[in-house]
Amino acid sequence: PLFTVEERVALLRQATRGLRGVTVTDFDSLVVDYARRHGIRTVIRGMRMVSDFEYEFQMALTNRKLSQQVETIFLMPSESHAYVSARLIKEAAALGAGLSAFVPRFVERALKRKLNENPRESGAGRRAA
């Protein structure tokens, strides 16, 4: 990842600060172990495209085998956001595109600042037309 865990947590906290009942934290264990420790019974995962399904389904079934007390629910995005991926956003940012349609302004600024510090991380380079 381009951002450290601490940076991602800070950005997510800022993005969700107006949402009641949302807690942003990090952990370094299995998600089912984290869920059990905190009394969480449901994990919500997003799937953008059909290509995400196989991996997410495999993970959900494995988690179910590890803990039958934790259920996974999948949410699909609206078609207007289904194609968005971190790789595409990083590349667009590296090439100078505005990102306001995809991320909050503070995330756009952090992303562009980080890419200026680490230009090789962007995935953007010269292209042939």
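Here is a short report on the structure shown in this document. (Residues numbered from 1 in each chain as written. Predicted model: local features only at pLDDT ≥ 70, side-chain atom pairs only at ≥ 80, totals over all residues. Heavy atoms only, no water.)

## A few points about the overall build of the protein chain
Along the backbone of the protein chain there are five helices and two strands. When the helices and strands of the protein chain are listed from N to C terminus, the series reads α-α-β-α-β-α-α. Along the three orthogonal principal directions, the C-alpha set of the protein chain runs to about 50 × 30 × 25 Å. Within the protein chain, the fraction of its 129 residues that count as buried is 26%. Pairs at least 24 residues apart make up 55% of the contacts formed inside the protein chain by residues separated by at least 6 positions. Of the roughly 9,800 Å² of accessible surface on the protein chain, 54% is carried by carbon and sulfur atoms. Averaging the locations of the 21 positively and 14 negatively charged side chains of the protein chain gives two centres separated by 3 Å. (Helix = DSSP H or I, 4+ residues; strand = E, 2+ residues; numbered from the N terminus. Buried < 20%, exposed > 50% of the residue type's maximum accessible area, 1.4 Å probe, protein only. Contact = heavy atoms within 4.5 Å. Areas by Shrake-Rupley, 256 points an atom, 1.4 Å probe, with all protein chains shown as cover. Lys, Arg positive; Asp, Glu negative; His and termini not counted. Charge placed at Lys NZ, Arg CZ, Asp CG, Glu CD.)

## Let's talk about the packing of helix α1 (residues 5-16) against helix α5 (residues 105-117)
Axis separation between α1 and α5 bottoms out at 10 Å; the angle between their running directions is 160°. On the basis of the axis angle, α1 is roughly antiparallel to α5. Here α1 runs over α5; the crossing is right-handed. Contacts between α1 and α5 involve Glu 7, Leu 11, Gln 14 and Ala 15 from the first element and Phe 106, Val 107, Ala 110 and Lys 114 from the second. Partitioned by chemical class, the residues of the contact of α1 with α5 number five nonpolar, one polar and two charged. (Axes fitted to C-alpha atoms, helices over the stretch in contact; angles between N-to-C directions. Parallel < 35°, antiparallel > 145°, perpendicular 65-115°, else oblique. Left-handed = near helix turned anticlockwise from the far one by under 90°. Nonpolar A, V, L, I, M, F, W, Y, C, P; charged D, E, K, R; others polar.)

## A short note on the packing of aromatic side chains
In total, this model carries three aromatic pairs according to the counting rule given. Ring geometry for Phe 27 and Tyr 34: centres 4.4 Å apart, planes at 20°, overall stacked. Owing to a relative accessible area of 38%, Phe 27 belongs among the partly exposed residues under this scheme. Taking the centre distance of 5.2 Å and the plane angle of 15° together, the rings of Phe 53 and Phe 57 count as stacked. Taken together, the residues span about one helical turn, with Phe 53 and Phe 57 both in helix α3 (residues 50-66) at a distance of four residues. Classification of Phe 53 as partly exposed rests on a relative accessible area of 37%. (Phe/Tyr/Trp six-rings, centres within 6.5 Å; stacked < 30°, edge-to-face > 60°.)

## Observations regarding α1
An ideal rise of 1.5 Å per residue puts 16 Å on 12 residues; α1 measures up with 16 Å between its terminal C-alpha atoms. Within the sequence span of α1, burial applies to Val 9, Leu 11 and Thr 16. The buried residues of α1 occupy an angular sector of 165° when the element is viewed end-on, so they sit on one face. In the core, the buried residues of α1 are packed alongside α5. (Expected span 1.5 Å × (residues − 1). Arc of directions from axis to C-beta.)

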